Amino acid sequence: MATHEATVEGVGVGVGDDGPGHPVVLLRVRDELVPIFVSADQAQSMQHALDGTPFERPLTHDLFVDMVAEFGAAIDRIRIDDLADGTFYAKIDTEQYTDDERSEMVFDARPSDGIALALRVDCPIIVSDEVVDEAGRDPDELGFVDEEEARRQHDLGEEDEGFDFGDDEDDSPFGGDDPF
């Protein structure tokens with residue numbers, strides 16, 4: 001099974017004819033975007049990691065990373081390797097050293113949790129060809145405008161379309177108040 005490394009293009013809310021929709025994370029794989037719908041909490045956690053903003057108390061993903069490190073283990077990579085009936089499946093590949101012996105462990109996970117962890121530990125996100133073939137979309141098909149292009153259009157007074165990435169607190173798809 002061929003795989004490709006993905007980059008997180010952004011986290012936001014899909015915007016359509018009916019207005020804002022559900023939170024989504026966009027992965028760029030090959031020359032396509034793979035939209036994965038997530039909960040508002042997961043999207044917020046990913047956005048905190050992307051922004052590098054500290055939080056008063058550790059979020060679940062921060063706590064998990066701290067615990068893994070304390071147990072002498074590390075997260076090596078996240079694999080999004082299956083898509084069945086509209087549901088994405090992922091695995092977290094880890095390693096642990098005990099008594100100078102390396103042990104590899106694999107954990108089943110929701111892709112949203114895996115992505116939130118990968119953003120915190122800067123490990124690769126790997127997506128299988130099968131997933132990209134089924135879920136990948138042309139950026140133009142999604143009406144995606146990258147952040148630089150959106151800023152350029154905004155500066156020129158043009159209307160941007162596609163996804164709201166909530167760069168301004170007032171424009172945040174999760175509202176200005178942090179529920180945590």
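Residues numbered from 1 in each chain as written. Predicted model: local features only at pLDDT ≥ 70, side-chain atom pairs only at ≥ 80, totals over all residues. Heavy atoms only, no water.

S.K.: I keep staring at the overall build of the protein chain and nothing clicks. Help me out?
M.R.: Counting its regular elements, the protein chain contains six helices and eight strands. Scanning the protein chain from its N terminus toward the C terminus, one meets helices and strands in the order β-β-β-α-α-β-β-β-α-β-α-α-α-β. For the protein chain, the residues scored as buried account for 39% of the 180 residues in total. At a minimum sequence separation of 6, the contacts of the protein chain that also span at least 24 residues come to 53%. Here the protein chain displays about 10800 Å² of accessible surface, and carbon together with sulfur accounts for 45% of that area. (Helix = DSSP H or I, 4+ residues; strand = E, 2+ residues; numbered from the N terminus. Buried < 20%, exposed > 50% of the residue type's maximum accessible area, 1.4 Å probe, protein only. Contact = heavy atoms within 4.5 Å. Areas by Shrake-Rupley, 256 points an atom, 1.4 Å probe, with all protein chains shown as cover.)

S.K.: Help me understand helix H1 (residues 40-51) in this model?
M.R.: Since the α-helix turns once every 3.6 residues, residues separated by three or four places project in the same direction. A rise of 1.5 Å per residue sets the reference length of H1, with its 12 residues, at 16 Å; its end C-alpha atoms lie 16 Å apart and thus fit the reference within 8%. Of the residues making up H1, those classed as buried are Gln 42, Ala 43, Gln 44, Ser 45, Met 46, Gln 47, His 48 and Ala 49. Trailing H1 by a residue or two, Gly 52 shows a phi angle of about 70 degrees, which is positive. (Expected span 1.5 Å × (residues − 1).)

S.K.: I keep staring at the pattern of salt bridges and nothing clicks. Help me out?
M.R.: A pair can form between side chains of opposite charge whenever their charged atoms are brought close. All chains considered together, the criterion is met by 14 salt bridges. Among the salt bridges present, the one from Asp 81 reaches Lys 91, with a minimum N-O distance of 3.1 Å. You can see Asp 81 sitting in strand E4 (residues 73-84) and its partner Lys 91 sitting in strand E5 (residues 87-98), a full 10 residues away along the chain. Residues joined by salt bridges that share partners form a network here, namely Arg 77, Arg 79, Asp 81, Lys 91, Asp 93 and Asp 108. (Salt bridge = Lys/Arg side-chain N within 4 Å of Asp/Glu carboxyl O.)

S.K.: Please explain the pairing of E4 as it appears in this structure.
M.R.: Looking along a regular strand, one sees the side chains alternate between the two faces of the sheet. Relative to E5, E4 runs antiparallel, the two being bridged by 10 bridges. Bridge pairing in E5 links Ala 74 to Glu 95. A loop of two residues connects E4 with E5, the two strands running antiparallel in sequence, and Asp 85 in this loop sits at a positive phi of about 55 degrees. As judged from the three bridges shared by E4 and strand E7 (residues 125-128), these two strands associate in the parallel manner. Residue pairing for E7: Ile 80 is matched across the bridge by Val 127. (Pairing = 2+ DSSP bridges.)

S.K.: Please clarify how the confidence of the model for the protein chain should be interpreted in this entry.
M.R.: Residues with a pLDDT of 70 or more make up 76% of the protein chain, whose mean pLDDT is 83. At the low end of the mean pLDDT range in the protein chain sits strand E8 (residues 163-164), at 50; at the high end sits E7, at 98. Across residues 165-180, confidence stays below pLDDT 50; counting only partners more than four residues off in sequence or on other chains, it has 33 contacts. (pLDDT = per-residue confidence, 0-100.)

S.K.: Would you take a moment to explain a nonpolar patch on the surface for this structure?
M.R.: Together, Leu 63, Met 67 and Phe 71 line one region of the surface with nonpolar side chains, adding up to about 320 Å² of accessible area. Within the secondary structure, Met 67 sits in helix H2 (residues 60-70). (Patch = residues over 30% accessible without salt bridge, like charges linked within 9 Å, V, L, I, M, F, W, Y side chains within 5 Å.)

S.K.: Quick question: what am I supposed to make of H2 here?
M.R.: Those residues of H2 that fall on the buried side of the exposure criterion are His 61, Val 65 and Val 68. Down the axis of H2, the buried side of the element spans an arc of 65 degrees, and every buried residue falls inside it. Projecting away from the buried face of H2 at angles above 90 degrees are the exposed residues Thr 60 and Glu 70. Buried positions along H2 lie against H1, E4 and helix H3 (111-121). A positive phi of about 75 degrees marks Gly 72, the residue just after H2. (Arc of directions from axis to C-beta.)

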